[in-house]
Amino acid sequence: MKFFVDTAEIDAIAELNDLGMVDGVTTNPSLIKKSGRDIIEVTKEICDLVDGPVSAEVTATDADEMIAEGRKLVEIAENIAVKVPLTWDGLKACKALSDDGHMVNVTLCFSANQALLAAKAGATFISPFIGRLDDINLDGMDLIADIRTIYDNYGFDTQILAASIRTVNHVTQSALCGADVMTAPPGVIKSMVNHPLTDKGLDAFLADIKAAGIKIL
Ligand code: G3P
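Residues numbered from 1 in each chain as written. Predicted model: local features only at pLDDT ≥ 70, side-chain atom pairs only at ≥ 80, totals over all residues. Heavy atoms only, no water.

## Describing the packing of helix 1 (residues 10-18) against helix 3 (residues 39-49)
Defined as follows: A fitted line through C-alpha atoms represents every axis, and for helices the fit uses only the stretch in contact; the resulting angles, taken between N-to-C directions, go from 0 to 180 degrees. Elements are defined by DSSP. Helices are runs of H or I of four residues or more, strands are runs of E of two residues or more, and each kind is numbered from the N terminus. Each angle gets one of four labels, with under 35 degrees taken as roughly parallel, over 145 as roughly antiparallel, 65 to 115 as roughly perpendicular, and the rest as oblique. Every residue pair with non-hydrogen atoms within 4.5 Å of one another is taken to be in contact. When residues are grouped by polarity, Ala, Val, Leu, Ile, Met, Phe, Trp, Tyr, Cys and Pro land in nonpolar, Asp, Glu, Lys and Arg in charged, and all others, Gly among them, in polar.
One way to put it is that helix 1 packs onto helix 3 with a least axis distance of 11 Å and a crossing angle of 10 degrees. Accordingly, the angle class assigned to the pair helix 1 and helix 3 is roughly parallel. For the pair helix 1 and helix 3, contact is made by I10, I13, A14 and N17 and by V42, E45, I46 and L49, respectively. Considering only residue class, the contact of helix 1 with helix 3 consists of 6 nonpolar, 1 polar and 1 charged.

## Considerations on the nonpolar core
Where a protein is soluble and globular, its nonpolar side chains tend to be buried together. The condition is simple: Here, nonpolar core means buried Ala, Val, Leu, Ile, Met, Phe, Trp, Tyr and Cys residues that are tied together by side-chain atoms lying within 4.5 Å of each other. Using a 1.4 Å probe on the protein chains alone, a residue whose accessible area is under 20% of its type maximum counts as buried, one over 50% counts as exposed, and one in between counts as partly exposed.
By size, the foremost hydrophobic cluster in this structure holds 57 residues, and its most contacted members are V84, V106 and I126. Ranked by the residues each element gives to this core, the list is headed by helix 8 (residues 140-154), at 5 residues. V106 has contacts with V84, P85, L86, C94, A118, A123, F125, I126 and S127, leaving out every residue within four places of it along the chain. In terms of nonpolar packing, the next biggest core, distinct from the first, is built from 5 residues, A81, F125, L161 and V181 among them.

## Examining the packing of helix 4 (residues 63-73) against helix 5 (residues 88-99)
Applicable threshold: Throughout, a crossing is termed right-handed when the near helix is turned clockwise from the far one, and left-handed when it is turned anticlockwise from it by less than a right angle.
The N-to-C vectors of helix 4 and helix 5 enclose an angle of 40 degrees; their axes lie 8 Å apart at closest approach. Relative to helix 5, helix 4 is oriented oblique. Read as a crossing pair, helix 4 and helix 5 show a hand that is right-handed. Residues A63, M66, I67, G70 and R71 of helix 4 form the contact with helix 5, whose participating residues are D89, G90, K92, A93, A96 and L97. In terms of residue class, the contact of helix 4 with helix 5 is built from 6 nonpolar, 2 polar and 3 charged.

## Notes on the pairing of strand 4 (residues 80-85)
Every regular strand shows the same layout, with side chains that alternate between the two sheet faces. We apply this condition: Strand pairing is assigned whenever DSSP identifies at least 2 bridges connecting the two strands. By convention a crossover is right-handed if, when the strands point away from the viewer, the path from the first strand over the helix to the second runs clockwise.
The buried fraction of strand 4 is high, at 6 of 6 residues. With burial as the criterion, each face of strand 4 is covered, one bearing I80, V82 and V84 and the other bearing A81, K83 and P85. Pairing between strand 3 (residues 54-57) and strand 4: 4 bridges, direction parallel. Among the inter-strand pairings, V54 is bridged to a residue of strand 4, identified as I80. Note that the unit made of strand 3, helix 4 and strand 4 has a crossover that is right-handed. Bridging between strand 4 and strand 5 (residues 103-109) involves 5 bridges; their strand directions are parallel. Directly across from P85, in strand 5, lies its bridge partner T107. What joins strand 4 to strand 5 is helix 5, and the crossover it makes is right-handed.

## Looking at helix 11 (residues 196-212)
In plain terms, the rule: The span expected for a helix works out to 1.5 Å for each residue beyond the first.
The first and last C-alpha atoms of helix 11 sit 24 Å apart over 17 residues, in line with the 24 Å expected at 1.5 Å per residue. A positive backbone phi angle near 65 degrees is found at G213, which sits one or two residues after helix 11.

## Topic: the packing of aromatic side chains
Rules: Aromatic pairing here means that ring centres of Phe, Tyr or Trp (its six-membered ring) are within 6.5 Å. Orientation follows from the plane angle: under 30 degrees is stacked, over 60 is edge-to-face, and everything else is tilted.
The tally for this structure, following the rule as stated, stands at 3 aromatic pairs. Judged by centre distance (5.6 Å) and plane angle (75 degrees), the ring pair of F4 and F125 falls under edge-to-face. Within this pair, whereas F4 is found in strand 1 (residues 2-6), its partner F125 is found in strand 6 (residues 125-128), the two being separated by 121 residues in sequence. Overall, the relative accessible area of 1% leaves F4 in the buried class. Looking at F125, the relative accessible area reads 2%, which means it is buried.

As far as function goes, none of this settles anything; it's purely spatial.
This is the structure in C-alpha cells:
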C-alpha cells in the first residue's frame, strides 16, 4: 500500500519522507489555507522534496477554467497530480487533462457510481472520503470494498486512494479492503507505531538492562 501524506506542512512531510514513509502528498484548499502559504509556492516546495505524486486542487468549478488551472499547476513540477472535484465539470476536466498525459486525482467521491464515472474519464486516482461517510453514520469501508470489486471486475487501472482517513483503524481497514493508496495526516501515520504491549515490553527490557548493567558500547 502506498502512503500519501495529507498536509501542506513542509516540516511534517520532510520528517516522514526521511523515513521512507512518503510515496506522495495530497493537498486541498483547506490544507493550503491552514498552511498560510501561497498555493504555487508551497506546492513547488513539496514537489522538490517528494518524488511521488503531489496532488494540487483546482479552485474553479467550470470545466474550462479547471483545465486552464490544471495546465498551470502541472507547470510547477512533473509529479503534480491535478485534483478535481467529482462533478460533471470535474469529469470533463479529468478527461481533458488525462488525455494530455497528466495525472488526475478525482476527489470528494462518496459513491461507487461516482468512482465508476471517474475511472471512465481516465482518472489516475479516485479519492473516496472515508471519515466524512463515517460522520453521517455510513460505513466508508463499504465504499472502498465496492470500488475495489467494480474496478477489478472491469480491469480499470484507476488507483483507489482512501482519503479522509482519521484513525489508525481506517488505515488497516483500507489496506484490508485493497485500497492502492491511503492518504492521512502526519499524526495518524505516526500513531500507527503505537502499541501498549510494545511500551510495556520495552519498559521490562529497560529495567533488566539497568539491573544487569548490560552494555553494548
Ligand atoms: O484527503 C482528504 C482529506 O483532507 C479530508 O479529510 O478529515 O477533512 O474529511 P477530512
